[in-house]
Amino acid sequence: MSLKHPRTILVALDSSPRAPLVLAEGVDLAQKLGGRLVLVRGIGLHHSLPAEALNESPTRVPEILERSDREELEQLARDVPPELLAKVVIHVGVAWEVICRTADEENADLIVIGSHDTYSGIDKVLGTTAAKVVNHTNRSVLVVRDKPSD
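Residues numbered from 1 in each chain as written. Predicted model: local features only at pLDDT ≥ 70, side-chain atom pairs only at ≥ 80, totals over all residues. Heavy atoms only, no water.

**As for the nonpolar core**
Under the convention used in this document: What makes a nonpolar core is a set of buried Ala, Val, Leu, Ile, Met, Phe, Trp, Tyr and Cys residues whose side-chain atoms join them at distances within 4.5 Å. Think of it in three bands: residues with accessible area under 20% of the maximum for their type are buried, residues over 50% are exposed, and the middle band is partly exposed, with areas taken using a 1.4 Å probe on protein chains only. The way it works is that DSSP assigns letters per residue, a run of H or I at least four long becomes a helix, a run of E at least two long becomes a strand, and they are numbered from the N terminus. We call two residues in contact whenever any of their non-hydrogen atoms come within 4.5 Å of each other.
In terms of nonpolar packing, the biggest core is built from 24 residues, with Ile-9, Val-11, Leu-13, Leu-37, Leu-39 and Val-112 touching the most fellow members. Elements with a contribution of two residues or more to this core: β1 (8-12), α1 (19-33), β2 (36-43), α3 (61-77), β3 (85-92) and β4 (110-115). The biggest single contributor to this core is α1, with 6 residues. Setting aside residues up to four positions removed in sequence, Val-112 forms contacts with Ile-9, Leu-10, Val-11, Ala-12, Val-22, Gly-26, Leu-29, Leu-142 and Val-144. Membership of the second largest hydrophobic core comes to 15 residues, among which are Val-38, Val-40, Trp-96 and Cys-100.

As structure tokens, this is what we get:
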């Protein structure tokens, strides 16, 4: 059996400080393997909604959340060489489900996702987004961990 080089690399990015590290790993892989990146973010309902959303109809809240997160993700995408970036995808929904569904829709060869190095509390019981992606997709997954501090 021969393994093919990933051509479509889906990079799942949240709004955590480790997102640039995860993106850098995806860019490095795409450059080395000749792949293209699809950046994706699943947006759950935030514990603090933007002030703009508080004065709107509940049906407009997903649109407001998507716009806010799209701006943040597009800012990260500015660091990606244009020839490597296929698209940016934002969907409101449970993060792991959005990632798995988008990987299928884009026929991704590889999913790159970040993970915390330590788990506590509810994460130990329910699992993290990365763990759920690994357990629910039929695609290869690279889990990027924070670099150990010196």
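**Digging into the sheet that holds β2**
Strand pairing within a sheet occurs via backbone hydrogen bonds; the two strands may be parallel or antiparallel. Note the following rule: Strands are labelled as partners when DSSP assigns at least two bridges between them. Here an angle of 0 to 180 degrees is reported between the N-to-C directions of two axes, which are lines fitted to C-alpha atoms, with helices fitted over the stretch in contact.
Read from one edge to the other, the open sheet built from 5 strands follows the order β3-β2-β1-β4-β5, with strand pairing classed as parallel. Looking at which strands have only one partner, the edges of the open sheet turn out to be β3 and β5 (140-145). Taking the axes of each pair of neighbouring strands and ignoring which way they run, one obtains an average angle of 20 degrees across the sheet. Of the strand pairs in this sheet, β2 and β3 are connected by 7 bridges, and their pairing is parallel.

**Some thoughts on the environment of Cys-100**
Here Cys-100 is to be found in helix α4 (residues 95-105). Between the C-alpha atoms of Cys-100 and Leu-10, which are 90 residues apart in sequence, the distance is 9.7 Å. Beyond its immediate chain neighbours, meaning those up to four positions away, Cys-100 contacts Val-133, His-136 and Thr-137.

**With respect to the pairing of β1**
Where we set the bar: Handedness of a crossover is defined as follows: with both strands directed away from the viewer, a clockwise route from the first strand across the helix to the second makes it right-handed.
Here β1 lies mainly inside the structure; 4 of its 5 residues are buried. Relative to β2, β1 is paired through 5 bridges, and the arrangement is parallel. Residue pairing in the sheet places Leu-10 in a bridge with Val-38 of β2. As a crossover connection, the stretch from β1 through α1 into β2 is right-handed. Direction of pairing for β1 relative to β4: parallel, over a ladder of 4 bridges. Opposite Leu-10, over in β4, you have Ile-111 as the bridge partner.

**Digging into the side chain of Ser-115**
Looking at the element boundaries, Ser-115 is found in strand β4. In this view, Ser-115 contacts Arg-18, Ala-130, Val-143, Val-144, Arg-145 and Asp-146; residues no more than four positions away in its chain are not counted.

**Considerations on α4**
Among all positions of α4, only Trp-96, Val-98, Ile-99, Cys-100, Thr-102 and Ala-103 are buried. Of the surrounding elements, those touching the buried residues of α4 are β1, β2, β3, β4 and α6 (129-136). Just beyond α4, the residue with positive phi is Asn-107, at close to 50 degrees.

**Structural notes on the side chain of Arg-18**
Test applied: Polar contacts, as used here, are pairs of N or O atoms within 3.5 Å; protein pairs need one atom able to donate a hydrogen and one able to accept it. Residues neighboring in sequence count only if both atoms are side-chain atoms.
If you trace the backbone, Arg-18 turns up in the loop between β1 and α1. A distance of 3.1 Å separates a polar atom in the side chain of Arg-18 from a polar atom in the side chain of Asp-14.

**With respect to α1**
Defined as follows: Here a helix's expected span is defined as the number of its residues, less one, multiplied by 1.5 Å. It is the directions from the helix axis to the C-beta atoms that the arc portrays.
Counted at 1.5 Å a residue, the expected span for α1 with its 15 residues is 21 Å, and the 21 Å between its end C-alpha atoms agrees. By the burial criterion, the buried members of α1 are Ala-19, Val-22, Leu-23, Gly-26, Val-27, Leu-29 and Ala-30. Seen from one end, α1 has its buried residues packed into an arc of 165 degrees, which puts them on one side. Structurally, α1 contributes buried residues whose contacts are with β1, β2, α3, β4 and β5. Two residues or fewer past α1, Gly-34 is found with a positive phi of approximately 75 degrees.

Interpretation note: all reported values are geometric properties and have no functional meaning in isolation.
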